[in-house]
Amino acid sequence: MEFPDFGKQCANKDCKQLDFLPVKCDKCNALFCKDHSRFDSHQCVSIECTNDLGPKLETTWFKCTLDSCMSKNPCEMLCPKCDKHYCLAHRHHGCLDELPGKEARKVLREAAKKSKDQFAIAKGEADKKIEASLRQAELQPEKRRMAQQIRLMKLKGKALGDNKIPVIDRVYFTIHPPIKDNIVSSPVPLFTSKTWTVGRTIDLFAVRLKIENRNDKSNTPKLRLFKLEDGEHLSNQMDCVIGRMVSDGLIFNGDSLILHYVDATRNPVEIEPEKLVEYKLSSV
(Lines give C-alpha, C1' and ligand atoms only; values in the text may rest on other atoms or scores of the structure.)
Protein backbone atom coordinates (compact mmCIF):
# COMPACT_ATOMS: atom_id res chain seq x y z
CA MET A 1 0.00 0.00 0.00
CA GLU A 2 1.49 3.39 -1.00
CA PHE A 3 1.17 6.77 0.65
CA PRO A 4 2.47 9.24 -1.98
CA ASP A 5 1.41 12.32 0.00
CA PHE A 6 2.58 11.08 3.39
CA GLY A 7 5.61 13.01 4.69
CA LYS A 8 7.55 15.91 3.20
CA GLN A 9 11.03 16.35 1.82
CA CYS A 10 13.48 18.46 3.81
CA ALA A 11 13.83 21.88 2.14
CA ASN A 12 17.60 21.85 2.68
CA LYS A 13 19.03 21.45 -0.83
CA ASP A 14 21.82 19.20 0.44
CA CYS A 15 19.43 16.93 2.33
CA LYS A 16 16.01 16.43 0.63
CA GLN A 17 15.27 13.39 2.79
CA LEU A 18 11.65 12.36 3.29
CA ASP A 19 10.53 13.15 6.83
CA PHE A 20 7.19 11.98 8.21
CA LEU A 21 7.28 14.60 10.97
CA PRO A 22 8.78 17.68 9.30
CA VAL A 23 9.39 20.85 11.29
CA LYS A 24 8.15 24.18 9.93
CA CYS A 25 10.56 27.10 10.29
CA ASP A 26 8.94 30.02 12.13
CA LYS A 27 10.77 32.54 9.95
CA CYS A 28 10.89 31.27 6.35
CA ASN A 29 7.92 28.84 6.70
CA ALA A 30 9.83 26.06 4.88
CA LEU A 31 9.69 22.43 6.07
CA PHE A 32 12.82 20.70 7.35
CA CYS A 33 13.87 17.42 8.92
CA LYS A 34 14.88 17.56 12.58
CA ASP A 35 18.58 17.90 11.69
CA HIS A 36 18.00 21.07 9.66
CA SER A 37 15.10 22.67 11.54
CA ARG A 38 17.26 25.17 13.46
CA PHE A 39 17.87 28.59 11.90
CA ASP A 40 21.62 28.03 11.77
CA SER A 41 21.26 24.53 10.31
CA HIS A 42 19.59 25.74 7.12
CA GLN A 43 21.01 29.28 7.13
CA CYS A 44 17.53 30.74 7.25
CA VAL A 45 17.24 33.53 4.68
CA SER A 46 14.75 35.38 6.89
CA ILE A 47 17.24 35.75 9.74
CA GLU A 48 19.34 38.86 9.41
CA CYS A 49 22.15 39.43 11.84
CA THR A 50 21.58 43.12 12.39
CA ASN A 51 22.38 45.58 15.11
CA ASP A 52 19.88 48.36 15.71
CA LEU A 53 22.68 50.35 17.29
CA GLY A 54 24.96 50.24 14.29
CA PRO A 55 25.58 48.84 10.79
CA LYS A 56 24.54 45.37 9.64
CA LEU A 57 26.84 42.58 10.78
CA GLU A 58 27.79 39.68 8.52
CA THR A 59 28.08 36.15 9.90
CA THR A 60 30.73 33.75 8.61
CA TRP A 61 29.71 30.08 8.63
CA PHE A 62 32.20 27.20 8.96
CA LYS A 63 31.33 23.82 7.42
CA CYS A 64 32.43 20.64 9.19
CA THR A 65 35.46 19.08 7.46
CA LEU A 66 33.88 15.61 7.53
CA ASP A 67 32.60 15.01 3.99
CA SER A 68 29.38 13.31 5.08
CA CYS A 69 28.46 16.09 7.53
CA MET A 70 26.53 19.15 6.38
CA SER A 71 26.63 21.04 9.69
CA LYS A 72 27.77 24.65 9.69
CA ASN A 73 28.71 26.73 12.72
CA PRO A 74 29.16 30.47 13.26
CA CYS A 75 32.23 29.72 15.42
CA GLU A 76 35.32 28.01 14.05
CA MET A 77 36.45 25.00 16.12
CA LEU A 78 39.87 23.84 14.97
CA CYS A 79 41.35 20.44 15.76
CA PRO A 80 44.57 20.99 17.79
CA LYS A 81 46.45 18.45 15.62
CA CYS A 82 45.23 18.82 12.01
CA ASP A 83 44.06 22.43 12.44
CA LYS A 84 40.79 21.77 10.58
CA HIS A 85 37.27 22.78 11.61
CA TYR A 86 34.92 20.08 12.92
CA CYS A 87 31.44 20.40 14.41
CA LEU A 88 30.82 19.30 18.00
CA ALA A 89 29.46 15.93 16.89
CA HIS A 90 32.70 15.10 15.03
CA ARG A 91 35.31 16.84 17.20
CA HIS A 92 36.64 13.37 18.15
CA HIS A 93 37.47 12.26 14.62
CA GLY A 94 40.55 10.12 15.29
CA CYS A 95 43.36 12.68 14.89
CA LEU A 96 44.65 12.22 18.40
CA ASP A 97 44.24 8.44 18.42
CA GLU A 98 47.65 8.06 16.78
CA LEU A 99 49.43 9.95 19.56
CA PRO A 100 50.60 8.40 22.87
CA GLY A 101 48.40 9.29 25.82
CA LYS A 102 50.89 11.73 27.36
CA GLU A 103 51.46 13.59 24.10
CA ALA A 104 47.73 13.70 23.33
CA ARG A 105 47.03 15.26 26.73
CA LYS A 106 49.74 17.85 26.10
CA VAL A 107 48.21 18.78 22.74
CA LEU A 108 44.78 19.11 24.34
CA ARG A 109 46.13 21.31 27.16
CA GLU A 110 47.86 23.62 24.69
CA ALA A 111 44.72 23.78 22.55
CA ALA A 112 42.59 24.63 25.59
CA LYS A 113 44.95 27.44 26.59
CA LYS A 114 45.03 28.77 23.04
CA SER A 115 41.23 28.73 22.84
CA LYS A 116 40.96 30.52 26.19
CA ASP A 117 43.39 33.23 25.08
CA GLN A 118 41.62 33.64 21.73
CA PHE A 119 38.26 33.93 23.47
CA ALA A 120 39.59 36.59 25.85
CA ILE A 121 40.95 38.64 22.94
CA ALA A 122 37.75 38.24 20.92
CA LYS A 123 35.59 39.15 23.92
CA GLY A 124 37.69 42.25 24.57
CA GLU A 125 37.33 43.40 20.98
CA ALA A 126 33.59 42.66 21.00
CA ASP A 127 33.12 44.60 24.25
CA LYS A 128 34.89 47.61 22.74
CA LYS A 129 32.67 47.53 19.67
CA ILE A 130 29.53 47.19 21.79
CA GLU A 131 30.60 50.09 24.00
CA ALA A 132 31.31 52.26 20.96
CA SER A 133 27.90 51.41 19.50
CA LEU A 134 26.18 52.18 22.81
CA ARG A 135 27.89 55.54 23.07
CA GLN A 136 26.92 56.42 19.52
CA ALA A 137 23.32 55.33 20.12
CA GLU A 138 23.06 57.35 23.33
CA LEU A 139 23.63 60.49 21.27
CA GLN A 140 20.57 59.70 19.14
CA PRO A 141 17.23 60.42 20.87
CA GLU A 142 15.38 57.62 19.06
CA LYS A 143 17.96 54.99 20.14
CA ARG A 144 18.98 56.34 23.55
CA ARG A 145 16.39 54.36 25.52
CA MET A 146 17.38 51.06 23.90
CA ALA A 147 21.07 51.75 24.48
CA GLN A 148 20.42 52.48 28.16
CA GLN A 149 18.50 49.22 28.57
CA ILE A 150 21.31 47.21 26.96
CA ARG A 151 23.91 48.91 29.15
CA LEU A 152 21.81 48.16 32.24
CA MET A 153 21.51 44.46 31.34
CA LYS A 154 25.28 44.22 30.90
CA LEU A 155 25.86 45.83 34.30
CA LYS A 156 23.43 43.73 36.32
CA GLY A 157 25.32 40.51 35.77
CA LYS A 158 28.66 41.70 37.17
CA ALA A 159 28.07 44.79 39.35
CA LEU A 160 29.31 44.92 42.95
CA GLY A 161 27.75 46.75 45.86
CA ASP A 162 26.12 46.15 49.24
CA ASN A 163 24.37 42.78 48.98
CA LYS A 164 21.95 43.83 51.72
CA ILE A 165 20.33 46.25 49.27
CA PRO A 166 17.10 44.65 47.95
CA VAL A 167 17.33 43.84 44.25
CA ILE A 168 14.27 45.98 43.54
CA ASP A 169 16.03 49.05 45.05
CA ARG A 170 19.34 48.67 43.20
CA VAL A 171 20.57 51.34 40.79
CA TYR A 172 23.52 50.40 38.58
CA PHE A 173 26.41 52.52 37.31
CA THR A 174 29.74 52.16 35.52
CA ILE A 175 32.14 53.98 37.84
CA HIS A 176 35.50 55.39 36.73
CA PRO A 177 37.93 55.41 39.70
CA PRO A 178 40.01 58.55 40.38
CA ILE A 179 43.12 59.09 38.29
CA LYS A 180 46.12 58.55 40.57
CA ASP A 181 49.73 59.31 39.68
CA ASN A 182 48.62 59.87 36.08
CA ILE A 183 47.35 56.28 35.91
CA VAL A 184 43.82 55.81 34.60
CA SER A 185 42.13 52.68 35.97
CA SER A 186 39.50 50.66 34.12
CA PRO A 187 35.85 51.44 34.96
CA VAL A 188 34.07 49.17 37.44
CA PRO A 189 30.36 48.18 37.48
CA LEU A 190 28.81 49.04 40.85
CA PHE A 191 25.35 49.42 42.31
CA THR A 192 23.82 51.50 45.10
CA SER A 193 20.31 51.90 46.51
CA LYS A 194 17.71 54.26 45.11
CA THR A 195 16.94 55.24 48.72
CA TRP A 196 20.53 56.21 49.55
CA THR A 197 21.97 59.70 49.40
CA VAL A 198 24.83 60.79 47.17
CA GLY A 199 27.15 60.97 50.18
CA ARG A 200 26.40 57.43 51.31
CA THR A 201 26.75 56.19 47.75
CA ILE A 202 30.20 57.78 47.41
CA ASP A 203 31.23 56.08 50.67
CA LEU A 204 30.10 52.69 49.31
CA PHE A 205 31.85 53.17 45.99
CA ALA A 206 35.09 54.17 47.74
CA VAL A 207 34.99 50.97 49.81
CA ARG A 208 34.30 48.80 46.77
CA LEU A 209 37.05 50.49 44.73
CA LYS A 210 39.44 50.36 47.70
CA ILE A 211 40.36 54.02 47.40
CA GLU A 212 41.00 56.62 50.07
CA ASN A 213 37.91 58.52 51.20
CA ARG A 214 38.60 61.58 53.37
CA ASN A 215 35.32 63.36 52.86
CA ASP A 216 34.93 63.61 56.64
CA LYS A 217 38.31 65.36 57.07
CA SER A 218 39.04 69.06 56.65
CA ASN A 219 41.67 70.50 54.31
CA THR A 220 41.84 67.33 52.18
CA PRO A 221 40.81 66.53 48.60
CA LYS A 222 37.20 65.33 48.48
CA LEU A 223 35.63 62.56 46.44
CA ARG A 224 32.88 63.85 44.16
CA LEU A 225 30.69 62.36 41.44
CA PHE A 226 30.57 63.62 37.86
CA LYS A 227 28.83 62.47 34.66
CA LEU A 228 31.17 60.92 32.13
CA GLU A 229 29.10 62.28 29.24
CA ASP A 230 29.66 65.98 29.92
CA GLY A 231 31.51 66.25 33.25
CA GLU A 232 28.47 67.65 35.10
CA HIS A 233 28.95 67.76 38.87
CA LEU A 234 26.40 65.52 40.64
CA SER A 235 27.33 65.94 44.30
CA ASN A 236 26.53 69.59 45.01
CA GLN A 237 24.00 68.29 47.50
CA MET A 238 25.42 65.25 49.29
CA ASP A 239 22.05 64.54 50.91
CA CYS A 240 20.24 64.29 47.56
CA VAL A 241 18.64 60.84 47.09
CA ILE A 242 19.81 58.73 44.13
CA GLY A 243 16.29 57.62 43.22
CA ARG A 244 15.15 61.25 42.98
CA MET A 245 18.06 62.08 40.67
CA VAL A 246 17.04 59.18 38.39
CA SER A 247 13.35 60.16 38.33
CA ASP A 248 14.28 63.79 37.58
CA GLY A 249 16.35 62.62 34.59
CA LEU A 250 19.64 63.96 35.97
CA ILE A 251 21.14 60.46 35.69
CA PHE A 252 19.78 57.12 34.50
CA ASN A 253 19.98 53.55 35.72
CA GLY A 254 23.07 52.19 33.94
CA ASP A 255 24.79 55.57 33.54
CA SER A 256 28.57 56.07 33.42
CA LEU A 257 29.92 58.24 36.26
CA ILE A 258 33.31 59.48 37.42
CA LEU A 259 34.57 59.43 41.01
CA HIS A 260 37.20 62.15 41.20
CA TYR A 261 39.23 64.01 43.87
CA VAL A 262 38.58 67.76 43.91
CA ASP A 263 39.23 70.86 45.98
CA ALA A 264 35.76 71.33 47.48
CA THR A 265 36.56 74.91 48.54
CA ARG A 266 36.61 76.05 44.93
CA ASN A 267 33.46 77.40 43.34
CA PRO A 268 32.25 75.93 41.12
CA VAL A 269 33.45 72.42 41.81
CA GLU A 270 34.34 70.93 38.46
CA ILE A 271 36.52 68.31 36.83
CA GLU A 272 39.49 69.49 34.79
CA PRO A 273 38.78 69.28 31.02
CA GLU A 274 41.95 67.32 30.33
CA LYS A 275 41.05 64.82 33.06
CA LEU A 276 37.58 64.38 31.63
CA VAL A 277 39.14 63.51 28.26
CA GLU A 278 41.36 60.90 29.93
CA TYR A 279 38.37 59.30 31.65
CA LYS A 280 36.47 59.15 28.37
CA LEU A 281 39.41 57.57 26.57
CA SER A 282 39.63 54.85 29.24
CA SER A 283 36.15 53.63 28.31
CA VAL A 284 36.80 53.38 24.57
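Above: the structure in question.
Residues numbered from 1 in each chain as written. Predicted model: local features only at pLDDT ≥ 70, side-chain atom pairs only at ≥ 80, totals over all residues. Heavy atoms only, no water.

1. Re the pairing of strand β10 (residues 255-262)
To keep things clear, this is the line we draw: Only protein chains enter the calculation, and the probe is 1.4 Å; a residue is then buried if its accessible area is under 20% of its type maximum, exposed if over 50%, and partly exposed in between. What counts as a helix is a DSSP run of H or I of at least four residues, what counts as a strand is a run of E of at least two, and both are numbered from the N terminus. Any two strands with at least two DSSP bridges between them are considered paired.
Taking burial as the measure, the 8 residues of β10 include 7 buried ones, the bulk of the element. Where strand β7 (residues 170-176) meets β10, 4 bridges bridge the pair, whose relative direction is parallel. Each bridged residue has a counterpart across the sheet, and for H176 the counterpart in β10 is I258. The pairing of strand β9 (residues 222-227) with β10 spans 6 bridges and is classified as antiparallel. By the bridge assignment, L223 is partnered in β10 with Y261.

2. Looking at the pattern of salt bridges
Test applied: Take a side-chain nitrogen of Lys or Arg and a carboxyl oxygen of Asp or Glu: if they are within 4 Å of each other, that pair is a salt bridge.
Tallied over the entire structure, the rule returns 4 salt bridges. Between K194 and D169 there is a salt bridge; the shortest N-O distance is 3.8 Å. Taken together, the positions of K194 in the loop between β8 (188-193) and α3 (198-209) and D169 in the loop between α2 (141-156) and β7 put the pair 25 residues apart, joining distant regions of the chain. Since its relative accessible area comes to 37%, K194 is described here as partly exposed. The shortest N-O distance in the salt bridge between R244 and D248 comes to 3.1 Å. Just as R244 is exposed, D248 falls in that class too.

3. Here we look at the state of the cysteines
Such a bond, covalent and formed between the sulfur atoms of two cysteines, is termed a disulfide. Put simply, the rule is: Only a pair of cysteine sulfur atoms within 2.5 Å qualifies as a disulfide here.
Going through the model one piece at a time under the given rule, you end up with 0 disulfides. Considering cysteine sulfurs only, C33 is the nearest to C10, which forms no disulfide, with 3.8 Å between them. For the unlinked cysteine C87, the closest cysteine sulfur is that of C64, found at 3.8 Å. Judged by its relative accessible area of 4%, C87 falls in the buried class.

4. What about the sheet that holds β9?
What counts, and what does not: To get an axis, fit a line to the C-alpha atoms, keeping to the stretch in contact for a helix; angles then go from 0 to 180 degrees between the N-to-C directions. The contact criterion used is simple: two residues touch if any of their non-hydrogen atoms lie within 4.5 Å.
Taken together, 4 strands build an open sheet; the order of strands is β8-β7-β10-β9 and the sheet is mixed. Edge positions in the sheet fall to β8 and β9, since each has one partner strand and no second. For this sheet, the mean angle separating the axes of adjacent strands, direction not counted, is 40°. Pairing of β7 with β8 involves 6 bridges; the strand directions are antiparallel. The partner of T174 across the bridge, within β8, is P189. Against the sheet, α2 engages β7, β8 and β10, with an angle of about 90° to β7. Against the sheet, helix α5 (residues 273-282) engages β7, β9 and β10, with an angle of about 140° to β10.

5. Re the nonpolar core
So the rule is basically this: Here, the term nonpolar core denotes a set of buried Ala, Val, Leu, Ile, Met, Phe, Trp, Tyr and Cys residues that are joined through side-chain atoms within 4.5 Å.
Counting residues in hydrophobic clusters, the biggest one holds 25 residues, and the most contacted among them are F173, I175, F205, L225, L257 and L259. Those elements giving two or more residues to this core turn out to be α2, β7, β8, α3, β9, α4 (242-247) and β10. Setting aside its immediate chain neighbours within four residues, I175 contacts P187, V188, L190, F205, L209, L257 and L259. Counting 9 residues, the second largest nonpolar core, distinct from the first, contains I179, F226, L228 and L276.

6. Concerning unusual backbone geometry
For the bond running from N267 to P268, omega is 5°, close enough to zero to count as cis. Looking at the element boundaries, P268 is found in the loop between β10 and α5. The backbone phi angle of D181 is positive, close to 55°, even though this residue is not glycine. With respect to the helices, strands and loops of the structure, D181 is situated in the loop between β7 and β8. A residue is classified by how much of its surface remains accessible, and D181, at 65% relative accessible area, is exposed. Of note in this structure, N182 is not a glycine but carries a positive phi near 65°. Tracing the backbone shows N182 in the loop between β7 and β8.

Nothing here speaks to function; it is geometry throughout.
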